[in-house]
Amino acid sequence: MHKNEIIKIYGTEYKEMTKTLLAKANLAAQIPSPGIRIGIKPNLVSPTPADYGATTHPEVVAGIIEYLQEHGFDRIVVLEGAWVGDKTSEAFEYCGYRALEEQYGVELWDTQTDSFHEKDCAGMKLHICDMVDQIDFLINVPVLKGHCQTKITCALKNSKGLIPNSEKRRFHTMGLHKPIAHLGAGIHQDFIVTDHICGDLDFEEGGNPVVRNCVMAARNPVLMDAYVCRLLHYSVSDVPYVGMAQQLGVGSADLDSAQIITIGEEREEEITARKRVLAVEYAVEEVDSCSACYASLIPALDRLRTEGLLEKLEEKIAIGQGYRKKSGRLGVGLCTAGFDVCVRGCPPTEEQVYRELKQYILRNKTEKERERR
């Protein structure tokens, strides 16, 4: 398989589809020797089922494991770290990965429990989990989905699961895009298998899956992410870390020179994200917020919008690490604990944010009606 190729397959037998895809890509020929340790990095952002649109289908990973074992590769580990606010151990269990461990004898490595080291990633020093250095060949298995802060998330951003929680928080203070691009230079992805089965095209935590029943493969994470931009009707410039990663030499985003190969039935990729983030983000003043906290706020605001309540909110909602030790009127997350009204939590849940903001809006509405009388 060449680095300018993306191979796709459609269907509903996800494990067998994945094995067919890897055979077409001739993955075994790209792995230096049978004795090396192969790491499989899924997206287990939270303990939610794959059909919810946020996490990597275990059947896809099962297909990768079976293919590798059938070709004589038996030193296989699955490594991941859930986002801040959730536990990887729970995600392994709930998302079906404990069952894979038992069935195939692979190891599960939780990077949230790992030590870490500093690494120069193309001029930016980042903290990387030590487990990464124990992997000889990395297979990245992201979910194609939307993201409330970066618009898309796929191959490049999925590497965030290989850094400690403290570094995940720091990424947000650096604006996300630049450190994601440099992380791509610091952690080499040898092969990418993208779960494009039913990702949520608006929110990375899922909840509104869009069924496409597709699995894709590539060797170039930048090209894969550029293709995701095209599928979701964004330009590469709309997702700055893609272009930044190309400039750092992580890979090429040149879709004009790419070959998109479909195994079997060809299907039109007509995908339309609702882009609900754009409909509500006007109500937010965000400074360096963590993804988990922001991801609780935006869906909650979308629910309030559909109920006709968001338009009644007169002040903007502050969120993010930039509000620590500051005061204000209304905030979400523990970083805004000094505000007059704060939805507490690190992160708070979507339901909590929705409920408390709704109470706040209705209470203010009632008080204004009393004043008019």
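Described in the following lines is the structure provided in the data block. Here the structure is a predicted model, which means the values were calculated and not measured.

## A look at the overall build of the chain
Part 1: If you tally the helices and strands in the chain, you get 12 helices and 16 strands.
Part 2: By the compact-globule yardstick of 21 Å for 373 residues, the chain fits well, its C-alpha radius of gyration being 21 Å.
Part 3: Across its three principal axes, the chain shows a C-alpha extent of roughly 80 × 45 × 40 Å.
Part 4: In the chain, buried positions account for 58% of the 373 residues.
Part 5: Taking the intrachain contacts of the chain between residues at least 6 apart in sequence as the baseline, contacts between residues at least 24 apart amount to 72%.
Part 6: Total accessible area computed for the chain in this model is approximately 15,300 Å², and 45% of it derives from carbon and sulfur atoms.

## Section: the nonpolar core
Part 1: Residues Leu68, Ile139 and Phe191 are the most contacted members of the largest nonpolar core, which totals 91 residues.
Part 2: Considering every element that reaches this core, the biggest residue donor is helix 8 (residues 221-231), with eight residues.
Part 3: In this view, Phe191 contacts Met1, Leu22, Ala25, Leu27, Gln30, Phe137, Leu138, Ile139, Asn140, Ala217, Ala218 and Arg219; residues no more than four positions away in its chain are not counted.
Part 4: Counting 31 residues, the second largest nonpolar core, distinct from the first, contains Trp83, Tyr294, Leu301 and Leu309.

## Section: empty space enclosed by the protein
Part 1: Applying the stated criterion across every chain, the model contains one cavity of 30 Å³ or more.
Part 2: If you add up the space inside the largest cavity, you get close to 280 Å³.
Part 3: Taken together, 22 residues line the largest cavity, and the ones lying closest to its centre are Val45, Trp83, Lys157, Lys160 and Gly161.
Part 4: Counting only elements with at least two residues in the lining of the largest cavity, the list comes to strand 8 (145-147), helix 6 (165-173) and helix 11 (291-306).
Part 5: It is helix 6 that provides the largest number of residues to the lining of the largest cavity, a total of three residues.
Part 6: Considering only residue class, the lining of the largest cavity consists of six nonpolar, eight polar and eight charged.

## Focus on the pairing of strand 6 (residues 124-129)
Part 1: One ladder, built from six bridges, connects strand 5 (residues 116-121) with strand 6; its direction is antiparallel. In the strand pairing of strand 6, Phe116 is matched with Cys129.
Part 2: Between the antiparallel neighbours strand 5 and strand 6 lie two residues, among them Ala122 with a positive phi of about 55°.

## Comments concerning the pairing of strand 11 (residues 214-218)
Part 1: Counting buried residues in strand 11 gives five out of five residues, a clear majority hidden from the surface.
Part 2: Here strand 11 shows a buried face lined by Cys214, Met216 and Ala218 and a second buried face lined by Val215 and Ala217.
Part 3: Where strand 1 (residues 5-10) lies against strand 11, five bridges are found, and the strand directions are antiparallel. Residue pairing across strands places Ile7 opposite Ala217, the latter belonging to strand 11.
Part 4: Sheet analysis places strand 10 (residues 191-196) next to strand 11, joined by five bridges and oriented antiparallel.

## Digging into the packing of helix 8 against helix 9 (residues 240-247)
Part 1: Remark: helix 8 packs on helix 9, axes separated minimally by 10 Å, with the N-to-C direction vectors making an angle of 155°. When the axes of helix 8 and helix 9 are compared, the pair comes out roughly antiparallel. The chirality of how helix 8 crosses helix 9 is left-handed. Contacts between helix 8 and helix 9 involve Val222, Asp225, Ala226 and Cys229 from the former and Tyr241, Val242, Ala245 and Gln246 from the latter.
Part 2: The residue inventory of the contact of helix 8 with helix 9, partitioned by class, reads six nonpolar, one polar and one charged.

About the thresholds
Residues numbered from 1 in each chain as written. Predicted model: local features only at pLDDT ≥ 70, side-chain atom pairs only at ≥ 80, totals over all residues. Heavy atoms only, no water. Helix = DSSP H or I, 4+ residues; strand = E, 2+ residues; numbered from the N terminus. Rg over C-alpha atoms; globule rule 2.2 N^0.38 Å. Buried < 20%, exposed > 50% of the residue type's maximum accessible area, 1.4 Å probe, protein only. Contact = heavy atoms within 4.5 Å. Areas by Shrake-Rupley, 256 points an atom, 1.4 Å probe, with all protein chains shown as cover. Core = buried A, V, L, I, M, F, W, Y, C linked by side-chain atoms within 4.5 Å. 1 Å grid on protein atoms, 1.4 Å probe; cavity = no way out; pocket = protein on both sides within 12 Å on 5 of 7 lines; lining within 4 Å. Points joined across faces, edges and corners; volume = space filled by probe spheres on them. Nonpolar A, V, L, I, M, F, W, Y, C, P; charged D, E, K, R; others polar. Pairing = 2+ DSSP bridges. Axes fitted to C-alpha atoms, helices over the stretch in contact; angles between N-to-C directions. Parallel < 35°, antiparallel > 145°, perpendicular 65-115°, else oblique. Left-handed = near helix turned anticlockwise from the far one by under 90°.

As far as function goes, none of this settles anything; it's purely spatial.
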